[in-house]
Amino acid sequence: MRILLLGDVCGPAGMRIIKSKLSEIIKEKKIDFTIVNGENSAGGYGITGKIYEEMMNWGVDAVTLGNH
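Report follows, based on the coordinates.

Glancing now at the side chain of S41. Of note, S41 is situated in the loop between β2 (33-37) and α2 (49-57). Of note is the side chain of S41, whose polar atom sits 2.8 Å from the backbone oxygen of G38.

Next comes the structure, spelled out in structure tokens:
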């Protein structure tokens, strides 16, 4: 099983790169499961329901959160 773990996706710039490249990476590397750390995906202020749904639509299987 191939697992892709993407660390701290931060704000709009991080979201844009995930949206534009994730499906390509999943196909190219034959990824079976994708985990994204989304704790700063809303510009450093956590995550929103909308952002979570977007990530799921892009091929993310799990989102981690936390506070460092």
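Structure shown, so let's carry the discussion forward.
Before going further, it helps to spend a moment on helix α1 (residues 11-29). If you check α1, its first and last C-alpha atoms are 25 Å apart, about what 19 residues at 1.5 Å a residue would give, namely 27 Å. For α1, the principal kink sits at K21 and spans about 45°. Three or more residues of α1 are buried, namely G11, G14, M15, I18, L22 and I26. Those residues of α1 that are buried lie in contact with β1 (3-6), β2 and α2. Just downstream of α1 lies K30, where phi reads positive at about 55°.

Right, let's get into the pattern of salt bridges. Scanning all chains against the criterion turns up 1 salt bridge. The salt bridge involving K29 is made with E28; its shortest N-O contact spans 3.8 Å. A relative accessible area of 54% means that E28 is categorised as exposed.

Okay, the nonpolar core next. Counting residues in each nonpolar core, the largest one holds 13 residues, and the members touching the most others are L22 and M55. Where this core is concerned, the elements lending two or more residues are β1, α1 and α2. Broken down by element, the residue count for this core peaks at 4 residues, all from α1. With sequence-adjacent residues up to four places away left out, L22 is seen in contact with L4, L6, I17, T34, W58, G59 and V60.

Reading the values: rules and limits
- Residues numbered from 1 in each chain as written.
- Predicted model: local features only at pLDDT ≥ 70, side-chain atom pairs only at ≥ 80, totals over all residues.
- Heavy atoms only, no water.
- Helix = DSSP H or I, 4+ residues; strand = E, 2+ residues; numbered from the N terminus.
- Polar contact = N/O pair within 3.5 Å; in protein donor to acceptor, adjacent residues only side chain to side chain.
- Expected span 1.5 Å × (residues − 1).
- Bend = angle between axes of the 7 residues up to and from the residue.
- Buried < 20%, exposed > 50% of the residue type's maximum accessible area, 1.4 Å probe, protein only.
- Contact = heavy atoms within 4.5 Å.
- Salt bridge = Lys/Arg side-chain N within 4 Å of Asp/Glu carboxyl O.
- Core = buried A, V, L, I, M, F, W, Y, C linked by side-chain atoms within 4.5 Å.

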